[in-house]
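Next come the chains, spelled out residue by residue.
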Amino acid sequence: MGVQQYDGIGEAFEGFKSLPLIRYGEVPSFLGLVGDVDGRSVLDLACGTGFYSREFKRRGATDVLGVDISVEMVAAARTIERRDPLGVRYEVGDVAELRPLDRRFDIALGVQCLNYAEDVAAMERMCRNIHRGLVPGGEFFVLAQKPDYRFDCPSLDTYGFRCEPTGEESETGPRVRVTALLDPQPISIVGAAPRREVYEQCLRAAGFGEAEWVPLQVSEAGLREFGEDFWADLLANPPLELLRCRA
């Protein structure tokens, strides 16, 4: 579902992280959820241009491997690594058909990853492959479209995005078009917003323990920058949600 879309974006994907929703919502929420990675190994699945791979390496992760299905995304991540070497490894790979890895990791990340599964069987394969790549007791952290997001809420344009239903339905949930309002050229990506029970069913089938759903938050820096009123509509109906589970 996602590879051709992302191949056309390349390093422009880095611009997503400057938009208010991502800079003050997604990034601090996800970093806070994962917590301390010092001395731990990290497998970053659907790593894109490697933003989180680099961030966790800087925070003390010992071994970081980023995997993405998009050749262009991995090429952009490797270019950034050459410019600013941190020791992060990247490879092209489909999480649903992930090759056996040369080690097991303490932590796996799935930011906008499982929601690109074509169907429930593909999501279950993804979850099984991720579970196989973790040490016993290893943690898996997910960020994706909120499963029960209401599309009739106030516009997200203020926060740098649009999120619209396409009117189509996949086996996992409704199809959604997300547009990042980048200047000079907005970028749109179509994916799914899988139902909550689909995530939980696939994770459980793969051997993960109970999934803990965690709401999106806005950082103190975001509140200082824009004030509480600015974020009221976003926090009343956040478009993103996080979850964690253990192998």
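Computed from a predicted model, the values in this text were never measured in an experiment.

Quick word on the environment of Ala 96
Within the element layout of this structure, Ala 96 appears in the loop between strand 3 (89-92) and strand 4 (105-111). Spatially, the C-alpha atoms of Ala 96 and Ala 192 are 16 Å apart, while their sequence positions differ by 96 residues. Not counting the four nearest positions on each side in its chain, Ala 96 is found in contact with Ala 122, Arg 125, Met 126 and Asn 129.

Overview of the packing of helix 5 (residues 120-132) against helix 6 (residues 196-206)
The contact between helix 5 and helix 6 brings their axes to 8 Å, and the two run at 45 degrees. Between helix 5 and helix 6, the interaxial angle falls into the category oblique. Crossing hand, helix 5 versus helix 6: right-handed. Residues Val 120, Met 123, Glu 124, Cys 127, Arg 128 and His 131 of helix 5 lie in contact with helix 6, whose contacting residues are Val 198, Tyr 199, Gln 201, Cys 202, Leu 203, Ala 205 and Ala 206.

Some details on the sheet that holds strand 7 (residues 174-180)
Sheet architecture is open: 3 strands sit in the order 6-7-8, paired in antiparallel fashion. The open sheet is flanked by strand 6 (161-169) and strand 8 (187-192), the only strands paired with a single partner. The sheet shows a mean angle of 25 degrees between the axes of neighbouring strands, direction not considered. Across 6 bridges, the pairing between strand 6 and strand 7 is antiparallel. The partner of Cys 163 across the bridge, within strand 7, is Val 178.

Structural notes on the sheet that holds strand 10 (residues 240-246)
Across the sheet, 7 strands lie side by side as 3-2-1-4-5-10-9; this open sheet has mixed pairing. For this open sheet the edge positions go to strand 3 and strand 9 (212-215), each flanked by a neighbour on one side alone. Across the sheet, the mean angle from the axis of one strand to that of its neighbour is 20 degrees, orientation sign disregarded. The strands touched by helix 4 (residues 71-83) within the sheet are strand 2 (64-68) and strand 3, with strand 3 carrying the most contacts at an inclination of about 165 degrees.

Quick look at the environment of Leu 31
Structurally, Leu 31 can be placed in helix 2 (residues 20-34). Looking at Leu 31, the relative accessible area reads 10%, which means it is buried. Placed 21 residues apart in sequence, Leu 31 and Tyr 52 show a C-alpha to C-alpha distance of 8.6 Å. Not counting residues up to four positions away in its chain, the partners in contact with Leu 31 are Tyr 52, Glu 55, Phe 56 and Arg 59.

Digging into the nonpolar core
Within the largest apolar cluster, 50 residues are counted, with the highest numbers of intra-cluster contacts made by Phe 30, Tyr 52 and Leu 109. At 8 residues, the largest contribution of residues to this core is made by helix 2. Those residues in contact with Leu 109 that lie beyond four places of it in its chain are Phe 30, Val 34, Val 42, Leu 43, Asp 44, Leu 45, Tyr 52, Phe 56, Phe 140 and Phe 141. Membership of the second largest hydrophobic core comes to 33 residues, among which are Leu 45, Leu 65, Leu 114 and Tyr 199.

Focus on the side chain of Glu 26
With respect to the helices and strands, Glu 26 occurs in helix 2. Despite its burial, Glu 26 pairs with no opposite charge; the closest candidate is Lys 17, at 4.1 Å N-O. In this structure the side chain of Glu 26 is engaged in a polar contact, spanning 2.6 Å, whose partner is the side chain of Tyr 52. Once residues within four sequence positions are removed from consideration, Glu 26 is found in contact with Lys 17, Leu 21, Tyr 52, Val 111, Leu 143, Leu 216 and Leu 240.

A few points about helix 3 (residues 51-58)
Note on helix geometry: an α-helix contains 3.6 residues per turn, so any two residues three or four positions apart are oriented the same way. Of all 8 residues in helix 3, 7 are buried, a share of seventy percent or more. The complete set of buried residues in helix 3 reads Phe 51, Tyr 52, Ser 53, Arg 54, Glu 55, Phe 56 and Lys 57. Where the residues of helix 3 are buried, they touch helix 2, strand 1 (42-45), strand 2, helix 4, strand 3 and strand 4. Gly 60 sits one or two positions beyond helix 3 and adopts a positive phi of about 110 degrees.

Describing the pattern of salt bridges
Summed over the entire model, instances satisfying the criterion amount to 18 salt bridges. Put simply, Arg 58 and Glu 55 hold a salt bridge, and the shortest N to O gap is 3.8 Å. One end of the pair is Arg 58 and the other is Glu 55, both in helix 3 and 3 residues apart, which spans about a single turn. Assessed through its relative accessible area of 47%, Arg 58 is described here as partly exposed. The residue Arg 59 makes a salt bridge to Glu 55 at a minimum N-O spacing of 2.9 Å. Residue classification places Arg 59 among the partly exposed residues on the basis of a relative accessible area of 41%.

Criteria and thresholds
- Residues numbered from 1 in each chain as written.
- Predicted model: local features only at pLDDT ≥ 70, side-chain atom pairs only at ≥ 80, totals over all residues.
- Heavy atoms only, no water.
- Helix = DSSP H or I, 4+ residues; strand = E, 2+ residues; numbered from the N terminus.
- Contact = heavy atoms within 4.5 Å.
- Axes fitted to C-alpha atoms, helices over the stretch in contact; angles between N-to-C directions.
- Parallel < 35°, antiparallel > 145°, perpendicular 65-115°, else oblique.
- Left-handed = near helix turned anticlockwise from the far one by under 90°.
- Pairing = 2+ DSSP bridges.
- Buried < 20%, exposed > 50% of the residue type's maximum accessible area, 1.4 Å probe, protein only.
- Core = buried A, V, L, I, M, F, W, Y, C linked by side-chain atoms within 4.5 Å.
- Lys, Arg positive; Asp, Glu negative; His and termini not counted.
- Salt bridge = Lys/Arg side-chain N within 4 Å of Asp/Glu carboxyl O.
- Polar contact = N/O pair within 3.5 Å; in protein donor to acceptor, adjacent residues only side chain to side chain.

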